[in-house]
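Residue-level structure breakdown
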Amino acid sequence: MRASLIQMRVDPDESPDFRRRRAVSLVQDQAGVDLVVLPELWTTGAFAYEDFGTEAEPLEGSTYEAMAKAASDAGVWLHAGSIPERDPDGPLYNTSLVFSPSGELAAAYRKIHRFGFDKGEAVLMGAGTVPVTVRLPETTVGVATCYDLRFPELFRSLVDAGAETLVIPAGWPERRRSHWTLLARARAVENQAYVLACGTAGTHAGVPQAGHSIVVDPWGEVLAEAGAEEEILTVEFDPAKVAATREQFPALKDRVLGLEPPRR
């Protein structure tokens, strides 16, 4: 299986409409790849809190339409990163969109863990409640977003739902880059799954981004890692290695906690 992680640069002097067109072109260039991944909130910048409200769009808005066409044009599965979604009956959400090679929406995931410690995203956006997986022909993908990476119980629920490949778009800050790579490897090892974590480059609202998109195999080995600037990280991996790893070292079978409600 071949995947491309598009580590886009998000700059304040580039309008969301222009960046949307640029993203379409970058996705279209990935024809022949199985799975393409964009970062979190690339239309606005993950730390540009003041733009969330003005740039929020309905689920089937401009970004949805552009990404559906890009997926169809390239004939790829596309995890289109996330957008600030405006629910007509509720708050904003940080929502990820996944499209099939025909351009159909395969899944939408509202980010469960909101970052900000009672500021920013944590107060401006609502929290999702439902873990999401998507079945591709080669593998089952578990979907998570940025700050979710710090909460291992979410990934356990994705594995319980059949996930073999964990895809995580992010807008992760440079000052905590060591956590980014550490947690990506930890989630791969503890779940015996591939991790494809796609970050952004550039600076969002004065916050330098980590970049360093990364692909990790089920043993925790780094298959590929980007640098700090905009680039496309393309890697080949074998989805069958997940089952082989889980059979060779069946740690998941020894789970005790979290499998059933505690007894009173």
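Residues numbered from 1 in each chain as written. Predicted model: local features only at pLDDT ≥ 70, side-chain atom pairs only at ≥ 80, totals over all residues. Heavy atoms only, no water.

Right, let's talk about the sheet that holds strand β2 (residues 9-10) for a bit. Taken in spatial order, the three strands line up as β2-β11-β12 in an open sheet, and their pairing is mixed. Edge positions in the sheet fall to β2 and β12 (207-208), since each has one partner strand and no second. Bridge count for β2 against strand β11 (residues 201-204) is two bridges, and the pairing is parallel. When the bridges of β11 are listed, R9 appears paired with A201. (Pairing = 2+ DSSP bridges. Helix = DSSP H or I, 4+ residues; strand = E, 2+ residues; numbered from the N terminus.)

Residues given the UniProt feature "domain: CN hydrolase" (unreviewed entry) here are residues 1-239. The distance from the first to the last C-alpha atom of residues 1-239 is 7 Å, and the span holds 26% helix and 30% strand. (UniProt positions renumbered as here; feature names shortened; annotations may be inferred.)

Inspection of every chain in the model, using the stated rule, returns two cavities of 30 Å³ or more. In this model, the largest cavity occupies a volume close to 160 Å³. Lining the largest cavity are 17 residues, and of these F47, K111, F115, C146 and G171 sit closest to its centre. Its residues placed into classes, the lining of the largest cavity shows ten nonpolar, two polar and five charged. Its boundaries defined by the atoms lining it, the second largest cavity holds a volume of some 40 Å³. In terms of lining, the second largest cavity is formed by L35, W77, H79, V98, L136, V141, V143 and V167. Those elements that place two or more of their residues in the lining of the second largest cavity are β4 (77-86) and β8 (140-143). When its residues are assigned to classes, the lining of the second largest cavity shows seven nonpolar, one polar and no charged. (1 Å grid on protein atoms, 1.4 Å probe; cavity = no way out; pocket = protein on both sides within 12 Å on 5 of 7 lines; lining within 4 Å. Points joined across faces, edges and corners; volume = space filled by probe spheres on them. Nonpolar A, V, L, I, M, F, W, Y, C, P; charged D, E, K, R; others polar.)

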